Amino acid sequence: MLKIGIVGCGAIGTFISKKVADGTIKNTKIVALYDRNIEKAISLSNIVKAKICRDVDELVRGDLDLVIESASVHAVEEVAEKSLKNGKDVLIMSVGALADKELFLKLKKLAKSENRKIYLPSGAIGGLDAIKALKLGEIKEVVLKTTKPVCALKDALKNLGYEPEKIKEEVMVYEGDVFEAIKNFPANINVAVVLSIATEYSAKVVIVADPKIKLNRHEIFVKSSIGTLKVCVENVPFEENPKTSALAAYSAVRLIMDLAEPIKVGT
Ligand SMILES: NC(=O)C1=CN([C@@H]2O[C@H](COP(=O)(O)OP(=O)(O)OC[C@H]3O[C@@H](n4cnc5c(N)ncnc54)[C@H](O)[C@@H]3O)[C@@H](O)[C@H]2O)C=CC1
Ligand SMILES: O=C([O-])CC(=O)C(=O)O
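From a predicted model like this one, the values you see are computed outputs, not experimental measurements.

Within the secondary structure, A97 sits in the loop between β5 (89–92) and α5 (101–113). Measuring from C-alpha to C-alpha, the distance between A97 and I182 comes to 8.1 Å, with 85 residues separating the pair along the chain. Dropping the residues within four chain positions of it, A97 is found in contact with V73, V76 and L103.

Following this line, the structure appears as structure tokens:
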């Protein structure tokens, strides 16, 4: 039985928990929950009957095997470091935090010394299986173009001085490197960082706000000496959190299911 603790009981944390509760993910139990908004932890505990923890320290000290971070980029350092130091594997959804190379290398070193794993799901994008193989050649170009409805980008746009309600036509709201992208769109573009980690190449990122689109679209372009990959995913957003694509949560569910599979499909 795989015992899981969840930090961040929002759209993704709740979705994964429901898939454990309904038996889609077998031989697994959610045993501990933490959310800085206690109401979120309480409503999730009504579904999975797990212990509600006061803080991350209490959660990582518990009897569990895997901690899922589904909170925010700001939570990653504490959750991952404390999980690994307490002998737990960690699955990170807010991969954007790892754009900080120092943090990435610190956690990698810690996972190695503690003989633990850090899992980074493909999240809301596809093609990482092929991209990891393309990386064995020479990567020449990596581009991610993300188009989301204005409402999904609203908070970030306001911080950047846009008036989201005045956007009536599609508009490019960002073009630049992955570091500034995740700084400005921390809840929208984690996928650019996972792409950069997989390719070990700083992706060029373009973000478009489109008032007419209903889906979250990610267009991925990777050129390597081995070949070129073009993938376009069009994701249904979560009703509870339109910033997040359902595929991101399904990808984590799949990853957890695969931990127990005797046959591994794909790279
Ligand atoms: N890797 C990927 O492809 C994707 C990653 N994400 C990221 O996954 C994370 C979770 O996404 P959602 O479930 O949609 O978000 P959400 O906003 O629905 O839920 C996040 C929950 O975490 C809690 N929280 C936030 N900061 C916290 C902290 N420091 N400590 C404890 N609790 C905290 C909030 O109160 C909230 O209940 C976000 O960072 C999001 O940006 C989302 C979509 C795709
Ligand atoms: O869910 C998505 O479409 C992508 C996303 O929010 C992220 O990468 O942060």
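There is more to say, and it comes next.
The residue K49 is not glycine, and still its phi comes out positive at about 55°. The topology assignment puts K49 in the loop between α2 (38–48) and β3 (51–52). Unusually for a residue other than glycine, E200 sits at a positive phi of about 50°. Position of E200 among the secondary structure elements: in the loop between α9 (190–199) and β9 (204–209).

Following the UniProt record, one finds the feature "active site" (unreviewed entry) at H218. As for its position among the elements, H218 is in strand β10 (residues 216–224). Within the structure, H218 has its side chain in polar contact with the side chain of T146 (distance 2.9 Å).

Positionally, D129 belongs in helix α6 (residues 128–134). As for D129 and M93, which are separated by 36 residues in sequence, their C-alpha atoms are 18 Å apart.

In the numbering used here, UniProt assigns the feature "binding site: NAD(+)" (unreviewed entry) to A124 and N190. In summary, the annotated positions, though distributed over 67 residues, converge in three dimensions, the widest C-alpha pair being only 8.8 Å. Turning to its location among the elements, A124 is positioned in the loop between β6 (118–119) and α6. Look past the residues within four positions of A124 in its chain and what remains in contact with it is V191, H218, V233, N235, S245, L247 and A248. Positionally, N190 belongs in helix α9. Given the relative accessible area of 18%, N190 is considered buried. A polar contact is formed between the side chain of N190 and the backbone nitrogen of G96, at a distance of 2.7 Å.

Spatial ordering of the open sheet is given by β3-β2-β1-β4-β5-β6, a layout of 6 strands whose pairing is parallel. Every interior strand has two partners, whereas the edge strands, β3 and β6, have only one. Strand direction decides the pairing type here: strand β1 (residues 2–7) and strand β4 (residues 66–69), joined by 4 bridges, are parallel. Within β4, the residue paired with I6 across the bridge is I68. Helix-sheet contacts for α2 involve β2 (28–34) and β3, and the interaxial angle to β2 is about 160°.

So, how was this worked out
- Residues numbered from 1 in each chain as written.
- Chains lettered and ligands numbered in written order.
- Predicted model: local features only at pLDDT ≥ 70, side-chain atom pairs only at ≥ 80, totals over all residues.
- Heavy atoms only, no water.
- Helix = DSSP H or I, 4+ residues; strand = E, 2+ residues; numbered from the N terminus.
- Contact = heavy atoms within 4.5 Å.
- UniProt positions renumbered as here; feature names shortened; annotations may be inferred.
- Polar contact = N/O pair within 3.5 Å; in protein donor to acceptor, adjacent residues only side chain to side chain.
- Buried < 20%, exposed > 50% of the residue type's maximum accessible area, 1.4 Å probe, protein only.
- Pairing = 2+ DSSP bridges.
- Axes fitted to C-alpha atoms, helices over the stretch in contact; angles between N-to-C directions.

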